[in-house]
Amino acid sequence: MEISYQNIWIKNNQKMEKDELSPDFIEQGISLYEVLRVIDGVPLFLEQHLERLKNSARLTNLVLPLNDKEIGQRLQDLARSNQVENGNIKFVINYPEPGLSADFYAYFVEHDYPTKEVYQKGVKTVLVHVERPNPNAKVDRADYRNTVDEAKRRTGSYEALLVDREGNVSEGGRSNLFMVKGDVVYTAPADKVLKGITRQMVLTACQNQGYQVVEKEISLEEMLNMDAIFISSTAPKVLPVSQVDDKIINSGSNKIIQGIMAGYDAIIDDYIKIHK
């Protein structure tokens, strides 16, 4: 269900009132979407989000109705119109039916930024045996989303970790997944997961700090024997995992994860200084 958490949202090139957003528009036809974080009025990593949107369009054989500059201008207009300096924006290209023109939607969505205590302790996760359809494309799928959300709701978990048909753990329902063993960081191969923007920046942070990263398929058994686990996505950035189902994992105190968190925050600070 789609909700605008600010008074103004945008459809195509028009400013709309909050209550005019149809809650189920995203489920009509095909919807490509991105969610980005705004800090100090700067849409973080906008260029990377736009590149991923174009890649999603290529993978689904769809034509985008707007170019990068037009989308960027509308997102800036959305933030200015609502006078919002910090928050999460979702923008969607919706193709309602074959042959009809695509519509552009942009609106602020609810966000849940972890507290300092949560970053220190980590979060609970639940295992779900499901695979993301077309993992490299960010396409809204109600059936997949409902399965993930129901597992999280039922167990009181922050995130669901996806187990594929071969018993490998690839990513989170709305996040990328990383594991630490010794001084090595592990994550699934890029072609097996949604190529998260935060994931890209985490890999850069690892490189900047000299951490070795290995991309390989990790079985559930292997994951549960790692020293530490963390997830990454737009809202929580880099977030330690304290529990997988009933397995307790003390990730919050892991020095590698702490270093990656600091390195990622430094990348954000540099981006904001350049684009402010």
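The notes below deal with the structure included here. Here the structure is a predicted model, which means the values were calculated and not measured.

### Digging into the side chain of Ser175
Part 1: Positionally, Ser175 belongs in the loop between strand E9 (169–172) and strand E10 (176–181).
Part 2: Of note is the side chain of Ser175, whose polar atom sits 2.7 Å from the side chain of Glu159.
Part 3: In this structure, Ser175 is in contact with Glu159, Ile231, Ser232 and Ser233, ignoring residues within four places of it in sequence.

### Some points on helix H1 (residues 46–59)
Part 1: Look at H1: 20 Å from first C-alpha to last across 14 residues, which is about the 20 Å you get at 1.5 Å a residue.
Part 2: Those residues of H1 that sit buried are Leu46, His49, Leu50, Arg52, Leu53, Ser56 and Ala57. In an axial view of H1, the angular spread of the buried residues amounts to 160 degrees, which keeps them on one side of the axis.
Part 3: Those residues of H1 hidden inside the fold are in contact with strand E3 (30–39), strand E4 (42–43), helix H2 (68–82), strand E5 (87–95), helix H5 (197–208) and helix H7 (255–275).
Part 4: Of the residues flanking the end of H1, it is Asn61, one or two places downstream, whose phi is positive at about 60 degrees.

### Digging into the sheet that holds E4
Part 1: In spatial order, the strands read E2-E1-E6-E5-E3-E4; together these six strands make up an open sheet with antiparallel pairing. Pairing within the sheet leaves two strands with one partner each, and these edge strands are strand E2 (14–17) and E4.
Part 2: Here E3 runs beside E4; their pairing, made up of two bridges, is antiparallel. The residue of E4 that forms the bridge with Val38 is Pro43.
Part 3: Relative to E3, H1 is tilted by about 175 degrees, and along the sheet it contacts E3, E4 and E5.

### Side note on the pattern of salt bridges
Part 1: Enumeration over the complete set of coordinates arrives at 16 salt bridges.
Part 2: Across the pair Lys15 and Asp77 runs a salt bridge whose closest N-O atoms are separated by 3.6 Å. You can see Lys15 sitting in strand E2 and its partner Asp77 sitting in helix H2, a full 62 residues away along the chain.
Part 3: What makes Asp77 partly exposed here is its relative accessible area of 24%.
Part 4: One salt bridge connects Arg165 with Glu131, and the closest N-O pair in it is separated by 2.8 Å. Residue Arg165 is located in the loop between strand E8 (159–163) and E9, and its partner Glu131 is located in the loop between strand E7 (123–128) and helix H4 (142–155); the two are separated by 34 residues in the primary sequence.

### So, the packing of H5 against H7
Part 1: Contact geometry of H5 with H7 gives a least axis separation of 8 Å together with a crossing angle of 110 degrees. The angle between H5 and H7 falls in the class roughly perpendicular. Pair H5 / H7 crosses with right-handed handedness. Contacts from Thr198, Met201, Val202, Thr204, Ala205, Cys206 and Asn208 of H5 reach H7 at Ile260, Gly263, Tyr264 and Ile267.
Part 2: In terms of residue class, the contact of H5 with H7 is made up of seven nonpolar, four polar and no charged.

So, how was this worked out
- Residues numbered from 1 in each chain as written.
- Predicted model: local features only at pLDDT ≥ 70, side-chain atom pairs only at ≥ 80, totals over all residues.
- Heavy atoms only, no water.
- Helix = DSSP H or I, 4+ residues; strand = E, 2+ residues; numbered from the N terminus.
- Polar contact = N/O pair within 3.5 Å; in protein donor to acceptor, adjacent residues only side chain to side chain.
- Contact = heavy atoms within 4.5 Å.
- Expected span 1.5 Å × (residues − 1).
- Buried < 20%, exposed > 50% of the residue type's maximum accessible area, 1.4 Å probe, protein only.
- Arc of directions from axis to C-beta.
- Pairing = 2+ DSSP bridges.
- Axes fitted to C-alpha atoms, helices over the stretch in contact; angles between N-to-C directions.
- Salt bridge = Lys/Arg side-chain N within 4 Å of Asp/Glu carboxyl O.
- Parallel < 35°, antiparallel > 145°, perpendicular 65-115°, else oblique.
- Left-handed = near helix turned anticlockwise from the far one by under 90°.
- Nonpolar A, V, L, I, M, F, W, Y, C, P; charged D, E, K, R; others polar.

Read these as geometric descriptors, not functional statements.
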